[in-house]
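Notes for the structure review
Here's the letter readout for the chains.
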Amino acid sequence: GEDIQEKRSGGNMLYIIFIIFILTLLGLYLYHNTTKVKLERISISSDKIKDSLKILHLSDHHFKKIGRLKKKIIAYLLSSND
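Summary of the structure given here. Here the residue numbers are simple positions, counted from 1 along each chain's written sequence. Local features in a predicted model are, by the rule used here, given only for residues with pLDDT of at least 70; side-chain atom pairs are given and counted only at 80 or more, and totals for whole chains, interfaces and linings are based on all residues. Just so you know, side-chain values use all the structure's heavy atoms and leave hydrogens and water out.

Observations concerning the overall build of the protein
Secondary structure summary: the protein contains 2 helices and 0 strands in total. Per-residue burial for the protein yields a buried fraction of 4% across its 82 residues. Each accessible area is a Shrake-Rupley estimate made with a 1.4 Å probe; only the visible protein chains count as cover when residues are assessed. By element, 60% of the accessible surface of the protein is carried by carbon and sulfur atoms, the whole surface being about 8,400 Å². Note on conventions: DSSP H or I runs of at least 4 residues are helices, E runs of at least 2 residues are strands, and numbering of each starts at the N terminus. Accessible area is worked out with a 1.4 Å probe on protein chains only. A residue is then buried under 20% of its type maximum, exposed over 50%, and partly exposed in between.

A few points about the environment of Ile 73
Mapped onto the fold, Ile 73 is located in helix α2 (residues 68–79). With relative accessibility at 14%, the residue Ile 73 sits in the buried group. With 35 residues separating them in the primary sequence, Ile 73 and Lys 38 have C-alpha atoms 9.2 Å apart.

The following block contains the structure:
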């Protein structure tokens, strides 16, 4: 009786630790993917464009109000100005 009960509680504890570990990894993955900033430069040449032209396209942003991430993006863009 008691040996089986102890084995079950040990297995349950291992299962709970595993679930917490997986949820932690998922949380870190989601945090990373919603806070990273990627800058991609594409050069296009055309005889139809006489002057230099820069286009900024921001997409897939997950911030609602001015905060650390938005300040990070602005600083990143300003520092990479050619």
